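Results of the structural survey
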Amino acid sequence: MSIVTSDAASRELPIAPERHDHSPDRPAPQQLPRRPVSTLSAAGDLLRALAAPVRIAIVLELRAADLCVHELVEALGVAQPLISQHLRVLKSAGVVHGERHGREVVYRLVDEHLSHIVVDAVAHVEEGERR
């Protein structure tokens, strides 16, 4: 297995040259199109931006409604500077967008795809806890 480095960011991942025979009762895997390393790297950056409990909680809150910082502070019980710091990470990753309304900035999710990632991850963990 090769490790993808930053110099390989503009190339696609190599296709494995060898083929394996599968059991007769198992269908051969479907050949999927290869994604450019730059796309995979950007997806990794997005997942890292979502990979903090407070940021997951922020996404879940914003899924229900657009909120300003003080509303997120109240909902999550986290200090305002910490909420602001996490919002900066989410904003720079393209997860949230802030819009000024007078003295407040109201945050919303950029799109629903991102909330599905978080909701599915939380549901997966909760399902495992019930077993």
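Scroll up to find the structure.
As the structure is a prediction and not an experimental result, all values here were calculated from the model.

Next up on the list: the sheet that holds strand S1 (residues 67-68). Spatial strand order, S1-S3-S2: three strands in an open sheet with antiparallel pairing. Strand pairing shows two members of the sheet lacking a second neighbour, S1 and strand S2 (96-101), which therefore form its edges. Relative to strand S3 (residues 104-109), S2 runs antiparallel, the two being bridged by six bridges. Across the sheet, glycine 98 pairs through a bridge with tyrosine 107, a residue of S3.

Every α-helical turn comprises 3.6 residues, leaving residues that sit three or four positions apart pointing alike. Over its 19 residues, helix H5 (residues 112-130) runs 27 Å from end to end, which matches the ideal 27 Å to within 8%, given 1.5 Å per residue. For H5, the elements touching its buried residues are helix H1 (37-49), helix H2 (53-64) and S3. Its side-chain oxygen at 3.0 Å from the backbone nitrogen of histidine 113, aspartate 111 defines the N-terminal cap of H5.

Another point: the side chain of arginine 55. Structurally, arginine 55 is set in helix H2. Of the side chains bearing the opposite charge, aspartate 45 lies closest to the buried arginine 55, which forms no salt bridge; the N-O distance is 11 Å. Setting aside anything within four residues of it in sequence, one finds arginine 55 in contact with Arg48, Ala49, His86, Val89 and Leu90.

Each value, and the rule that gives it
Throughout this description, residue numbers start from 1 for each chain and increase along the sequence as written. Where totals are concerned, whole chains, interfaces and linings use all residues; where local detail is concerned, this predicted model gives features only for residues with pLDDT of at least 70, and gives and counts side-chain atom pairs only at 80 or more. Note that the side-chain values use all heavy atoms of the structure and ignore hydrogens as well as water. For two strands to be treated as a pair, DSSP must find at least two bridges joining them. Helix numbering and strand numbering both begin at the N terminus, where a helix is a DSSP run of H or I of at least 4 residues and a strand a DSSP run of E of at least 2. Expected helix span is taken as 1.5 Å per residue step, with the number of steps being one fewer than the number of residues. Throughout, a residue-residue contact means that at least one pair of heavy atoms, one from each residue, lies within 4.5 Å. Polar contact is the term for a pair of N or O atoms within 3.5 Å; when the atoms are in protein, one must be able to donate a hydrogen and the other to accept it, and sequence-neighboring residues count only if both atoms are side-chain atoms. Accessibility here uses a 1.4 Å probe with only protein chains present; expressed as a share of the type maximum, an area under 20% marks a residue as buried, one over 50% as exposed, and anything in between as partly exposed. For the purpose of charge, His is not counted, nor are the chain termini; Lys and Arg are scored as positive and Asp and Glu as negative. The term salt bridge refers to a pairing of a side-chain nitrogen on Lys or Arg with a carboxyl oxygen on Asp or Glu at a separation within 4 Å.

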